[in-house]
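# Residue-level structure breakdown
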Amino acid sequence: MGIAGVYNVWFFRVFVGLLLVFTALFLFGCSADRNEPDGVMGKTRPVTLTLMANQDWTVKPIMKRAIALYEEQTGNRIELQALPIDTVDTLISKRVAIGEITDLVMHFGGAALSDLHPERNFVDMSSEDWVADLTDEVKPRLSKDGRLYGLPLWEASTSGTLYNKRIFENLGLRVPETQEEFFSLCERLLEAGIVPVYLASKDVWPLMPQFGMDYSAERTPGLVEALNANKVNLADVPAVQEVVDWYRTMYVRGYFGSDSSNNNWDGLPAALHSGDYAMVMSWDVYLYSDLEMKYPGLAGDFGLMPLFVGGKDAKLYEGPNAAMIMVNKNGSHAKEAMQFTRFLAQPAVLNNIYRNLKTGTYFGSVTTNQPTPQYVENKEQIVRLSSPSITPFIVGYSQYEMAKWVQQAMMGTITTREALSGMDNYRKQAAIDRGIPEFQYPR
């Protein structure tokens, strides 16, 4: 072999060697890239986002489906921090105050948003594309000072009195038209050995005095504005006094039964299934999100009629509330948390989440949900007698704290006025803590 041939062989071997080296380096780089932090060379690793919420909300079909779809399609994970129902609002406020905020937080919003100082802690979502898809009535509940802070991935229900149609039919009872007829109905049920209304008063919050507050607002124009400006006290409003008196009347007459203090919310499905109780104050979607899951086929035995909480002319339904998902803008995964909300807000994803669920929705693009049969049956009356809940807009109103005062008055340990004064003191302290000027000095 000549010099040229030797040189060619040498050159070929060097070339192949270099090629092998570069190939190895390339493959090593690709392998290493899979272990690099998020965003390196366009690659991302799966992340775990933490979500803080009411423990009851985390098991709702809507949330379970939403999380499952997100985890399946992105490879990321949602870690739930479920808080007790009776103290969730207080716990979230405290966690936010000391800066222990999860990546995502679920909250009812309204006036209570002020406690969370959203301008400092949460992403302003006002400019998100999906905001245009929201129904108009829900936007004020998600907003503070003109900024929208959350995605309302929630059921839209109608609250009223759920009643067992089979019991009514067997006893020849008809749906009452007035509060007087409602009380007469309760007497007939007692005579038949059936407790008229299941009240989970052991848990306190299911007393749900907010239903009566809607009645009070209808009878007292400008009530919310006057309360929030410290121009009026609950204790001075006759329509509010009638609400507390209603609970006392129901209790004294035995319409909540003799053991309501030992009843809890988790026992409601079994109580309704037993036939020992005829009615409960609740929302139509509960029949399908909770009762039907435990006792298939039972939801169809129930109808929906108005609430009669308050004075003698009380008769109403309550429109839906909306829990929203907010993003901690100061968290280490703020970007990924926003991607979570954008993923869920896609029309295709929303329609998967709501598919065949018996509930309303806050998104115009959602068409796969179904209204409950109870809503369809009473739609005309529901539309006529419904109004959105006012309590989310009352500064310092807490469902649990207010219900504690109502419960004491109901059982006769304090008077109606003492209960309302306690509610006023709680409201005012919350307003003072927020620095609302009208509450800083005595009137």
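Each remark here, short or long, concerns the structure printed above.
Presented here is a report on the structure given in the accompanying data block. Predicted, not measured: the structure shown is a model, and the values here were computed from it. (Residues numbered from 1 in each chain as written. Predicted model: local features only at pLDDT ≥ 70, side-chain atom pairs only at ≥ 80, totals over all residues. Heavy atoms only, no water.)

Tallying secondary structure elements over the protein gives 17 helices and 12 strands in all. Expressed as a percentage of its 443 residues, the buried residues of the protein come to 52%. By sequence separation, contacts in the protein at least 24 residues apart represent 75% of the contacts at least 6 residues apart. By element, 54% of the accessible surface of the protein is carried by carbon and sulfur atoms, the whole surface being about 20700 Å². (Helix = DSSP H or I, 4+ residues; strand = E, 2+ residues; numbered from the N terminus. Buried < 20%, exposed > 50% of the residue type's maximum accessible area, 1.4 Å probe, protein only. Contact = heavy atoms within 4.5 Å. Areas by Shrake-Rupley, 256 points an atom, 1.4 Å probe, with all protein chains shown as cover.)

Once that is clear, we can look at the packing of helix α9 (residues 238-252) against helix α16 (residues 399-410). The angle between the axes and the distance between the axes are what describe a pair of packed helices. Two elements in contact, α9 and α16, have axes separated by 8 Å at closest approach and are oriented at 45 degrees. Taken together, the axes of α9 and α16 are oblique relative to one another. The interaxial crossing formed by α9 with α16 has right-handed handedness. On α16, the residues that touch Val-244, Tyr-247, Arg-248 and Tyr-251 of α9 are Val-406, Ala-409 and Met-410. When the residues that make up the contact of α9 with α16 are grouped by side-chain class, the tally is 6 nonpolar, no polar and 1 charged. (Axes fitted to C-alpha atoms, helices over the stretch in contact; angles between N-to-C directions. Parallel < 35°, antiparallel > 145°, perpendicular 65-115°, else oblique. Left-handed = near helix turned anticlockwise from the far one by under 90°. Nonpolar A, V, L, I, M, F, W, Y, C, P; charged D, E, K, R; others polar.)

We now examine the side chain of Thr-50. Within the secondary structure, Thr-50 is located in strand β1 (residues 48-54). On the accessibility criterion, Thr-50 (17% relative accessible area) is buried. Excluding anything up to four places from it in sequence, Thr-50 contacts Glu-79, Gln-81, Thr-102, Asp-103 and Leu-104.

Another aspect to go through is helix α6 (residues 179-191). Between the first and last C-alpha of α6 there are 19 Å, a value that for 13 residues agrees with the 18 Å anticipated at 1.5 Å per step. Along α6, the positions that sit buried rather than exposed are Gln-179, Phe-182, Phe-183, Leu-185, Cys-186 and Leu-189. Taken around the axis of α6, the buried residues stretch over an arc of 155 degrees, which confines them to a single face. Those residues of α6 that are exposed and aimed more than 90 degrees away from the buried face are Glu-180 and Glu-191. On its buried side, α6 packs onto α5 (165-171), β7 (195-197), α9, β8 (277-283) and β9 (302-305). (Expected span 1.5 Å × (residues − 1). Arc of directions from axis to C-beta.)

A separate point is the sheet that holds β1. As summarised here, the arrangement of the 4 strands in space is β2-β1-β3-β11, forming an open sheet in which the pairing is mixed. Looking along the sheet, the strands with just one partner apiece sit at the ends: β2 (77-83) and β11 (324-327). The mean angle between the axes of side-by-side strands here comes to 25 degrees, regardless of whether they run parallel or antiparallel. By the bridge criterion, 2 bridges tie β1 to strand β3 (residues 104-107) in an arrangement that is parallel. Bridge pairing links Met-52 to Val-105 in β3. Across the sheet, helix α2 (residues 61-74) lies against β1, β2, β3 and β11, angled at about 155 degrees from β2, the strand it touches most. In the packing of helix α12 (residues 334-344) onto the sheet, the strands contacted are β1, β2, β3 and β11, and the crossing angle to β11 comes to about 150 degrees. (Pairing = 2+ DSSP bridges.)

The topology assignment puts Met-411 in the loop between α16 and α17 (416-433). Between the C-alpha atom of Met-411 and that of Thr-249, which follows or precedes it by 162 residues, the distance is 9.9 Å. What Met-411 contacts, discounting residues up to four positions off in sequence, is Arg-248, Tyr-251 and Ser-261.

Using the criterion set out here, one finds 17 aromatic pairs in the structure. Pairing Trp-246 with Phe-256 gives two aromatic rings, centres 6.2 Å apart and planes at 75 degrees, and the pair type is edge-to-face. Note that Trp-246 is positioned in helix α9 and Phe-256 in the loop between α9 and α10 (268-274), a separation of 10 residues in sequence. For the pair shown, Trp-246 and Phe-256 are each scored as buried. Seen from their ring centres, Tyr-247 and Phe-256 are 6.5 Å apart, and the 35 degrees between their planes marks the pair as tilted. Like Phe-256, Tyr-247 is buried. Put simply, the rings of Phe-182, Phe-183, Tyr-255 and Phe-308 pair up and form one aromatic cluster. Here Arg-253 stacks its cationic end above the ring of Phe-183, 4.9 Å away from the centre of that ring. (Phe/Tyr/Trp six-rings, centres within 6.5 Å; stacked < 30°, edge-to-face > 60°. Lys NZ or Arg CZ within 6 Å of the ring centre and 35° of its normal.)

All right, on to the pairing of β1 then. Among the 7 residues in β1, 6 count as buried, and that is most of the element. Sheet topology places β1 next to β2; 7 bridges connect them, and they run parallel. Considered in β2, the bridge of Thr-48 is made with Arg-77. Traced from β1 through α2 to β2, the parallel crossover comes out right-handed. (Right-handed = clockwise from strand over helix to strand, strands pointing away.)

Next up on the list: the pattern of salt bridges. Applying the stated criterion across every chain yields a total of 18 salt bridges. For Arg-166, the salt bridge goes to Asp-301, with nearest N and O atoms at 3.3 Å. Placement of Arg-166 in helix α5 and of Asp-301 in the loop between α11 (286-294) and β9 is noted, with a sequence separation of 135 residues between them. Given the relative accessible area of 36%, Arg-166 is considered partly exposed. A salt bridge links Glu-218 to Arg-219, with the nearest nitrogen and oxygen atoms 2.9 Å apart. If you follow the salt bridges from partner to partner, you end up with Asp-56, Lys-60 and Asp-290 in one network. (Salt bridge = Lys/Arg side-chain N within 4 Å of Asp/Glu carboxyl O.)

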